Amino acid sequence: MEIMKFGEAAKRMHADQDRTKALLDENIVPNIKKSGNKRDTYYVPELFFDYAKAMLGLEKEKEFKHLPIDVETYRKFHNRKGVKTIAFSNLKGGVGKTSIAANFAYNLALLNKRVLLVDMDSQANSSRYFANRYFVNESIKNIFDKMTRREPVEKEDVRRYIVPIDFDNAELELLPSELSLGRIVEFSRSVFTMPHKKLADMLKLVEEDYDFIVIDTPPSVGLSLHMALYASDLVSIVTDAEDFSVNGLNELYLEIRELAEETDHDVRVDSVFINKVKKSNIHSVYIEAIAEMAAREGIDNVYVVKESTRLKESQNLHIPLVEYKKELEKRLPIAESMVEYAVEKAQEA
Ligand SMILES: Nc1ncnc2c1ncn2[C@@H]1O[C@H](COP(=O)(O)OP(=O)(O)OP(=O)(O)O)[C@@H](O)[C@H]1O
Ligand SMILES: [Mg+2]
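Not measured: the values here are computed from a predicted model.

### Description of the environment of V238
Stage number 1. The residue V238 is located in strand β9 (residues 234-240) in this model.
Stage number 2. On a C-alpha basis, the gap between V238 and K92 in space is 9.1 Å, while along the polypeptide they are 146 residues apart.

Written out as structure tokens, the structure is:
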């Protein structure tokens, strides 16, 4: 991915040093800033630059020179058509749902979107990735708990469990999960006639605070997955490229269709991430099969993400991939598709 540095960005915007610094520091032109001992380094992906230009309605790059750097300008990045909810799913485990959902969510936040990451998996991996801690009796579980006791649930009851996540260049919010979530979700079956609607009901209460809600889902068919799909406008399928992966995708498809028929809610599969692809071409036949299936289903956004230790390293450091210096300096080869997809969705909204 093409990435500009400070000088290049200044030149493109016809702006002097102070103004360029202000535009970058206020994230009016989204960028990733790394503070050093002597000076700061700004990384401005070309895609972010074009995105800012489009969102701000600028025809020429030199218009950056006169752009007001204020709250109103910043608000231009917020969605006009309301919140969009995207679930990352696969029935198969360990394929990268959490890694890609969390990074995609952060990339949207970098693009000045207001983002809520919802962890619907009782393994709580996305909660741990971004919050770097365990949540015990202080998660989305508590809200379901209250619902199943048939107590009224208000906006504050949901907000109470949402935690802010601050990284170097953007912030987002997390509705964390914990181990006992699965049990409560299953229990809700015996309490409600339409339990699959309960996550959607909950998120409705806070949706005005966000431009995007990103849901990480567990690797199995069950009520948690149904709740997530029912609450979503779009699904992104994350898969690896192994034998049986295509079968698994077909099953997920069936599941989505069945749910659509049963519940009258049509969730659209919007993208496929083929993850953990090795350098050698042992995966190519599976990649082809998955891409063919995606084409048959009319999915345009098909991305390939290579296998890389950098993803795990960034997870161990509890920072998003785009904030990880080793990845940034190599011009984001692993993060690229997650960035591209975020820019596409951000620009549509
Ligand atoms: N492109 C990649 N290259 C290398 N390792 C990866 C890649 N993507 C994911 N991983 C690693 O694979 C493991 C599983 O990833 P992740 O937790 O994102 O998958 P998941 O589908 O959410 O799993 P689960 O089904 O358990 O929820 C993690 O250790 C993660 O760091
Ligand atoms: Mg996961």
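### A word on the sheet that holds strand β2 (residues 32-34)
Stage number 1. In spatial order, the strands read β1-β3-β2; together these three strands make up an open sheet with antiparallel pairing. Of all the strands in the sheet, the pair left with one neighbour each is β1 (3-4) and β2.
Stage number 2. One ladder, built from three bridges, connects β2 with strand β3 (residues 41-45); its direction is antiparallel. Within β3, the position partnered with I32 by the bridge is Y43.

### Structural notes on the site of ligand 1
Stage number 1. Among the 19 residues in the neighbourhood of ligand 1, the closest are listed as K97, T98, S99, N275 and Q315.
Stage number 2. K276 places a side-chain nitrogen or oxygen 3.0 Å from an oxygen atom of ligand 1.
Stage number 3. Here ligand 1, which alone exposes 630 Å², has 86% of that area covered by the protein.
Stage number 4. When residues of the shell around ligand 1 are traced back to their parent elements, those giving at least two are α5 (97-110), β10 (268-277), β11 (301-306) and α14 (309-316).
Stage number 5. Its residues assigned to classes, the shell around ligand 1 comprises four nonpolar, nine polar and six charged.

### Quick word on helix α13 (residues 284-296)
Stage number 1. An ideal rise of 1.5 Å per residue puts 18 Å on 13 residues; α13 measures up with 18 Å between its terminal C-alpha atoms.
Stage number 2. Among all positions in α13, only I287, I290, M293 and A294 are buried. Viewed end-on, α13 has its buried residues packed into an arc of 125°, placing them on one side of the element. Of the exposed residues in α13, the ones pointing more than 90 degrees away from its buried face are V285, E288, A295 and R296.
Stage number 3. On its buried face, α13 is in contact with β9, α12 (245-263), β10 and β11.
Stage number 4. Trailing α13 by a residue or two, G298 shows a phi angle of about 75°, which is positive.

### A few points about the environment of K326
Stage number 1. Its location among the elements puts K326 in helix α15 (residues 325-329).
Stage number 2. Remark: the alpha-carbon pair of K326 and S314, spanning 12 residues in sequence, is separated by 9.4 Å.
Stage number 3. Aside from chain neighbours lying at most four places away, what touches K326 is R310 and E313.

### Quick word on the sheet that holds strand β7 (residues 171-175)
Stage number 1. Here eight strands make up an open sheet; going across it, the order is β6-β7-β5-β8-β4-β9-β10-β11 and the pairing mixed. In the strand order of this sheet, the two ends are held by β6 (163-166) and β11, each with one partner. Strand-to-strand twist across the sheet, computed as the mean angle between neighbouring axes with direction ignored, equals 25°.
Stage number 2. As paired strands, β9 and β10 are joined by seven bridges and run parallel to one another. From the neighbouring strand, V238 faces β10, where its bridge partner is F273.
Stage number 3. Running over the sheet, α5 touches β4 (84-89), β5 (115-119), β7, β8 (212-216), β9, β10 and β11 and is turned about 165° from β8.
Stage number 4. Most of the contacts of helix α16 (residues 336-348) go to β11, to which it runs at about 150°, and overall it touches β4, β8, β9, β10 and β11.

The rules we used
Residues numbered from 1 in each chain as written. Chains lettered and ligands numbered in written order. Predicted model: local features only at pLDDT ≥ 70, side-chain atom pairs only at ≥ 80, totals over all residues. Heavy atoms only, no water. Helix = DSSP H or I, 4+ residues; strand = E, 2+ residues; numbered from the N terminus. Pairing = 2+ DSSP bridges. Near = heavy atom within 4 Å. Polar contact = N/O pair within 3.5 Å; in protein donor to acceptor, adjacent residues only side chain to side chain. Areas by Shrake-Rupley, 256 points an atom, 1.4 Å probe, with all protein chains shown as cover. Nonpolar A, V, L, I, M, F, W, Y, C, P; charged D, E, K, R; others polar. Expected span 1.5 Å × (residues − 1). Buried < 20%, exposed > 50% of the residue type's maximum accessible area, 1.4 Å probe, protein only. Arc of directions from axis to C-beta. Contact = heavy atoms within 4.5 Å. Axes fitted to C-alpha atoms, helices over the stretch in contact; angles between N-to-C directions.

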